[in-house]
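# Observations on the three-dimensional arrangement
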Amino acid sequence: MRILVTGGAGRLGGRLVEVLSDQHQVTGIDIADIDITDFAAIRAFILDNNPDVVLHPAAWTDVDGCAREPKKAITINGLGTQNVAVASAEANAAMLYISTNEVFQGQLHRPYLEYDTPAPLNSYGYSKLVGERALVSINPRHYIVRTAWVFAHGGRNFIQAILGAAEAGKNLRVVTDEVANPTYNNDLADAIGQLIETERYGVYHFTNAGACSRYTFARYALDQAGYGDVPVQPISSSEWQRASIPPPYAAMTNLAGPLVGITLRPWQEAVDAFLDAEGLKSGQ
């Protein structure tokens, strides 16, 4: 299979290039190569490469930045995705788009299913929803994969930030009223690789199983990394000022994935695997 991956220098895009290259002909591109907001350039590149499937994790994921510059967010995440969708459809290629739990309002008080109605609270979620709708309207051979709270090797993420603060002796304050699904980048990439083999197009929620608050997420990572004696002050989101407004309860359920044989392990096991691979697991 010929696969083109946008955002190939990013953590998810890079992992996809790595794991899929063993069995497929994979080309990764990033903004240093082609800007997805340049329609002529991305169209020409996709048509020249003639992929069977385009994986599109490229995005502006700075949630607070999106809140400050909403038009830029829509240009990149919405209209940039539209450009890729038009070009992939013209090339007769399927397309997979990475979206987010932040397309949901977070007021349902139960995990969101794949076809619950999106109603984003913030500019980032809105821009990703614009991308979803563009893809659905343009390319019928599409996968939409929503994920949440991704942690990956090779860069700073929530776990590394918490452990770094603990190591530095900083006071830790973490919100208790923001709930979602921690997701290991490696598990997400593996699930995407399985999905494109099925050709079962549609919407999927790929997160590690289970949900928790930011506070519980932080506490678990600290305990597993040997910082069980480090205190964490639970606070409300109103005490943590930021530009963006996150959905308070945006946990998702992977209902569709198991129907095509794709499940992800519990988030606690995924955190353990991440810490183990980083050499941060207590007792190592």
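Residues numbered from 1 in each chain as written. Predicted model: local features only at pLDDT ≥ 70, side-chain atom pairs only at ≥ 80, totals over all residues. Heavy atoms only, no water.

### Section: the packing of aromatic side chains
Here is the rule: For this analysis, a ring pair means two rings from Phe, Tyr or Trp (six-membered ring only for Trp) whose centres lie within 6.5 Å, classed as stacked if their planes differ by under 30 degrees, edge-to-face if by over 60, and tilted for the remaining angles. The numbering of helices and of strands both runs from the N terminus, where a helix is a DSSP run of H or I of at least 4 residues and a strand a run of E of at least 2. We call a residue buried when its accessible area falls under 20% of the maximum for its residue type, exposed when it is over 50%, and partly exposed in between, using a 1.4 Å probe and counting protein chains only. Put simply, a charge is over a ring when the Lys NZ or the Arg CZ is close to the ring centre, within 6 Å, and near the line of the ring normal, within 35 degrees.
Enumeration according to the criterion identifies 11 aromatic pairs in this entry. Ring geometry for Phe-151 against Tyr-184: centres 5.5 Å apart, planes inclined by 5°, an arrangement best described as stacked. Of the two residues, Phe-151 sits in strand 6 (residues 150-151) while Tyr-184 sits in strand 9 (residues 183-184), which places them 33 residues apart along the sequence. Taken individually, Phe-151 and Tyr-184 each receive the classification buried, so the pair is uniform in this respect. An aromatic cluster is defined as three or more aromatic residues linked by ring pairs; in this entry it consists of Trp-149, Phe-151, Phe-158, Tyr-184, Phe-217, Tyr-220, Trp-267 and Phe-274. Sitting over the face of the ring of Trp-149, Arg-214 holds its NZ or CZ atom 4.0 Å from the ring centroid.

### Observations concerning the side chain of Gln-160
Note the threshold: The term polar contact refers here to a pair of N or O atoms within 3.5 Å; inside protein, the definition further demands a hydrogen-donor-capable atom paired with an acceptor-capable atom, and it admits residues adjacent in sequence only when both atoms are side-chain atoms. Contacts: residue pairs with any heavy atoms within 4.5 Å of one another.
Relative to the helices and strands, Gln-160 is located in helix 6 (residues 158-167). From its side chain, Gln-160 meets the backbone nitrogen of Asn-157 in a polar contact 3.0 Å long. In contact with Gln-160, not counting residues within four places along its chain, are Ala-152, Gly-155, Phe-274 and Glu-278.

### So, the sheet that holds strand 5 (residues 142-147)
As a reminder of what qualifies: Any two strands with at least two DSSP bridges between them are considered paired. A fitted line through C-alpha atoms serves as each axis, taken over the contacting stretch for helices, and the angle formed by two N-to-C directions is quoted from 0 to 180°.
Reading across from one edge, 2-1-3-4-5-10 is the order of the six strands in this open sheet, with parallel pairing throughout. In the strand order of this sheet, the two ends are held by strand 2 (25-28) and strand 10 (202-205), each with one partner. Going across the sheet, the axis of each strand differs from the next one's by a mean of 20°, ignoring polarity. Of the strand pairs in this sheet, strand 4 (residues 94-100) and strand 5 are connected by six bridges, and their pairing is parallel. Note on strand 5: the bridge partner recorded for Ser-99 is Arg-146.

### Some thoughts on the pattern of salt bridges
Rule in force here: For salt bridges, the criterion is a side-chain nitrogen of Lys or Arg within 4 Å of an Asp or Glu carboxyl oxygen.
A complete count under the given rule lists nine salt bridges for this structure. Salt-bridge contacts for Asp-52 lead to Arg-2; the nearest nitrogen and oxygen are separated by 3.4 Å. Of this pair, Asp-52 sits in the loop between helix 2 (39-49) and strand 3 (53-56) while Arg-2 sits in strand 1 (residues 2-5), and the two are 50 residues apart along the sequence. On the accessibility criterion, Arg-2 (30% relative accessible area) is partly exposed. Between Arg-15 and Glu-18 there is a salt bridge, and its shortest N-O distance comes to 3.4 Å. Of this pair, Arg-15 and Glu-18 both sit in helix 1 (residues 11-20), separated by three residues, roughly a single helical turn.

### Points about the environment of Lys-128
Within the element layout of this structure, Lys-128 appears in helix 5 (residues 123-138). Apart from the residues lying within four places of it in its own chain, the contact partners of Lys-128 are Ala-59, Asn-77, Tyr-97, Ile-98, Ser-99, Thr-100 and Val-103.

### With respect to the side chain of Asn-157
Structurally, Asn-157 can be placed in the loop between strand 6 and helix 6. Leave out the neighbours within four places in its chain, and Asn-157 touches Arg-11, Val-150, Phe-151, Ala-152 and Phe-274.

### Thoughts on the environment of Pro-118
Note that Pro-118 resides in the loop between strand 4 and helix 5. Along the sequence, Pro-118 and Gly-106 sit 12 residues apart, while their C-alpha atoms lie 9.5 Å from each other. Pro-118 has contacts with Val-103, Phe-104, Leu-129 and Arg-146, leaving out every residue within four places of it along the chain.

### As for unusual backbone geometry
Non-glycine residue Asn-92 carries a positive phi angle of around 60°. As for its position among the elements, Asn-92 is in the loop between helix 4 (70-90) and strand 4. Asn-92 gets classed as exposed once you look at its relative accessible area, which sits at 58%. A positive phi angle, near 65°, is found at His-109, a position not held by glycine. Inspection of the secondary structure assignment puts His-109 in the loop between strand 4 and helix 5.

### A closer look at the packing of helix 2 against helix 4
This is how the line gets drawn: Each angle gets one of four labels, with under 35 degrees taken as roughly parallel, over 145 as roughly antiparallel, 65 to 115 as roughly perpendicular, and the rest as oblique. Two helices cross in a left-handed way if the nearer one is turned anticlockwise from the farther one by less than a right angle. They cross in a right-handed way if the turn is clockwise. In the scheme used here, Gly and all other residues not listed as nonpolar or charged are polar, with Ala, Val, Leu, Ile, Met, Phe, Trp, Tyr, Cys and Pro taken as nonpolar and Asp, Glu, Lys and Arg as charged.
Viewed as axis vectors pointing N to C, helix 2 and helix 4 meet at an angle of 30°, and their least axial separation amounts to 9 Å. Considering their axes alone, helix 2 and helix 4 lie roughly parallel with respect to each other. Like other packed secondary-structure pairs, helix 2 and helix 4 cross with a definite hand, here right-handed. Along the contact surface, helix 2 presents Phe-39, Ile-42, Arg-43, Ile-46 and Leu-47, while helix 4 presents Asn-83, Val-84, Val-86, Ala-87, Ser-88 and Glu-90. Grouping the amino acids of the contact of helix 2 with helix 4 by side-chain chemistry returns seven nonpolar, two polar and two charged.

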